[in-house]
Amino acid sequence: MVGTMETKKVKEKGLYWKLFWATFRLSAFTFGGGYVIVPLMRREFVLHRHWIEDDEMLDLTAIAQSTPGAMAVNAAVLVGYRVAGIPGALLSMLATVLPPFIILSIVSLFYAQFRDNWVVDLVMKGMQAGVAAVICDVVVSMGWNVLKLRRVLPVIMLVGAFVASCFFDWNVVLIILVCAVIGAVDTWRRERAEKKKGKGEAGK
């Protein structure tokens, strides 16, 4: 009964349409790859609509990066699932794929004109500067969330991942796997310590 009421409430508020339109708009006006859409999704779903928390957005980004496929699509699917379950995931996936499909279909009809047009070339070069700025924004904003935890291990992992990728040219998949193992072990260790602490207090 409660589940039915919640479903009706979701439909009455038009959550599915809002999710579809927000994701469609983000995908249509995002240039530069999957990392560029992350700060835009954070601004839309965390800061503006308050559908998910900042820490959740960080976790979803890590999962989207570590799973196969385009990061923008993966991130949209995960956010959609978190907001509205399986229907939300399917809507987000459709909304993310449609804009590139439409745009590329149009561009393919005029490919020769686009390829040799100096105006298009200048626009693309200008977008590269914007993309670099947006990526810097997501690194600073989401990296700050890690620093706010005030724990040594996440900071070491953050710096270590940067050094491994930038200076030693480690494969991103390997870096993610190593960080995942370290994070899992650390979480298990802290949960075990909390359980022991709880038993000790109960014994008193």
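Data block above holds the structure.
Residues numbered from 1 in each chain as written. Predicted model: local features only at pLDDT ≥ 70, side-chain atom pairs only at ≥ 80, totals over all residues. Heavy atoms only, no water.

**Comments concerning the overall build of the protein chain**
Logical step 1: Helix and strand counts for the protein chain come out as nine helices and zero strands.
Logical step 2: Going from N to C terminus, the protein chain has its helices and strands arranged as α-α-α-α-α-α-α-α-α.
Logical step 3: Going through the 204 residues of the protein chain one by one, you find that 25% of them count as buried.
Logical step 4: Contacts in the protein chain between residues at least 24 apart in sequence constitute 56% of all its contacts with a sequence separation of at least 6.
Logical step 5: Accessible surface, the protein chain: about 14,000 Å² in total, of which carbon and sulfur atoms supply 69%. (Helix = DSSP H or I, 4+ residues; strand = E, 2+ residues; numbered from the N terminus. Buried < 20%, exposed > 50% of the residue type's maximum accessible area, 1.4 Å probe, protein only. Contact = heavy atoms within 4.5 Å. Areas by Shrake-Rupley, 256 points an atom, 1.4 Å probe, with all protein chains shown as cover.)

**Comments concerning the nonpolar core**
In a soluble, globular protein the nonpolar side chains are often hidden away together inside.
Logical step 1: Judged by nonpolar contacts, the single largest core of 22 residues is most densely connected at Val 38, Met 41, Phe 45, Ile 52, Met 57, Val 79 and Val 83.
Logical step 2: If you list the elements that add at least two residues to this core, you get α2 (15-28), α3 (34-48), α4 (54-66), α5 (71-109) and α7 (118-147).
Logical step 3: Counting residues per element, this core draws most heavily on α5, at seven residues.
Logical step 4: Excluding anything up to four places from it in sequence, Val 38 contacts Met 57, Thr 61, Met 71, Val 138 and Met 142. (Core = buried A, V, L, I, M, F, W, Y, C linked by side-chain atoms within 4.5 Å.)

**Quick word on the packing of aromatic side chains**
Logical step 1: Summed over all chains, the structure comprises six aromatic pairs.
Logical step 2: Consider the rings of Phe 45 and Trp 51, whose centres lie 5.7 Å apart with planes at 15°: the pair is stacked.
Logical step 3: By way of ring pairs, the aromatic residues Trp 17, Phe 20, Trp 21 and Phe 24 are connected into one cluster. (Phe/Tyr/Trp six-rings, centres within 6.5 Å; stacked < 30°, edge-to-face > 60°.)

**Comments concerning α2**
Logical step 1: Taking 1.5 Å as the rise per residue, α2 with 14 residues should run 20 Å; its terminal C-alpha atoms sit 20 Å apart, in good agreement.
Logical step 2: Here α2 has its buried residues at Leu 15, Leu 19, Phe 20, Ala 22, Thr 23, Leu 26, Ser 27 and Ala 28. (Expected span 1.5 Å × (residues − 1).)

**Section: the pattern of salt bridges**
Logical step 1: A full pass over the atoms with the stated rule returns seven salt bridges.
Logical step 2: With a shortest N-O distance of 2.6 Å, Arg 49 and Glu 44 are connected by a salt bridge.
Logical step 3: For Arg 49, a relative accessible area of 25% translates into the label partly exposed.
Logical step 4: Overall, the relative accessible area of 10% leaves Glu 44 in the buried class.
Logical step 5: When salt bridges that share partners are traced, they join Arg 151, Asp 186, Arg 189 and Arg 190 into one network. (Salt bridge = Lys/Arg side-chain N within 4 Å of Asp/Glu carboxyl O.)

**A word on the side chain of Thr 23**
Logical step 1: Of note, Thr 23 is situated in helix α2.
Logical step 2: In this structure, Thr 23 is in contact with Phe 45, Ala 76, Ser 92, Ala 95 and Thr 96, ignoring residues within four places of it in sequence.

**As for a nonpolar patch on the surface**
Logical step 1: Together, Tyr 81, Ile 86, Leu 90, Met 93, Val 97, Phe 101, Ile 102, Ile 106, Leu 109 and Phe 110 make up an exposed nonpolar region whose accessible area comes to about 1,000 Å².
Logical step 2: As for its position among the elements, Phe 101 is in helix α5.
Logical step 3: On the accessibility criterion, Phe 101 (56% relative accessible area) is exposed. (Patch = residues over 30% accessible without salt bridge, like charges linked within 9 Å, V, L, I, M, F, W, Y side chains within 5 Å.)

**Thoughts on the environment of Lys 18**
Logical step 1: Relative to the assigned elements, Lys 18 resides in helix α2.
Logical step 2: Take Lys 18: its relative accessible area is 37%, and that puts it in the partly exposed class.
Logical step 3: Residues Lys 18 and Arg 49 lie 31 residues apart in sequence; the distance between their C-alpha atoms is 10.0 Å.

**Quick look at the environment of Met 57**
Logical step 1: The residue Met 57 is located in helix α4 in this model.
Logical step 2: Residues Met 57 and Val 38, spaced 19 residues apart in sequence, show a C-alpha to C-alpha distance of 8.5 Å.
Logical step 3: Setting aside residues no more than four positions away along its own chain, Met 57 makes contact with Val 38, Met 41, Arg 42, Val 46, Ile 52, Val 79 and Met 142.

Take it as geometry only, folks, not as evidence of what the structure does.
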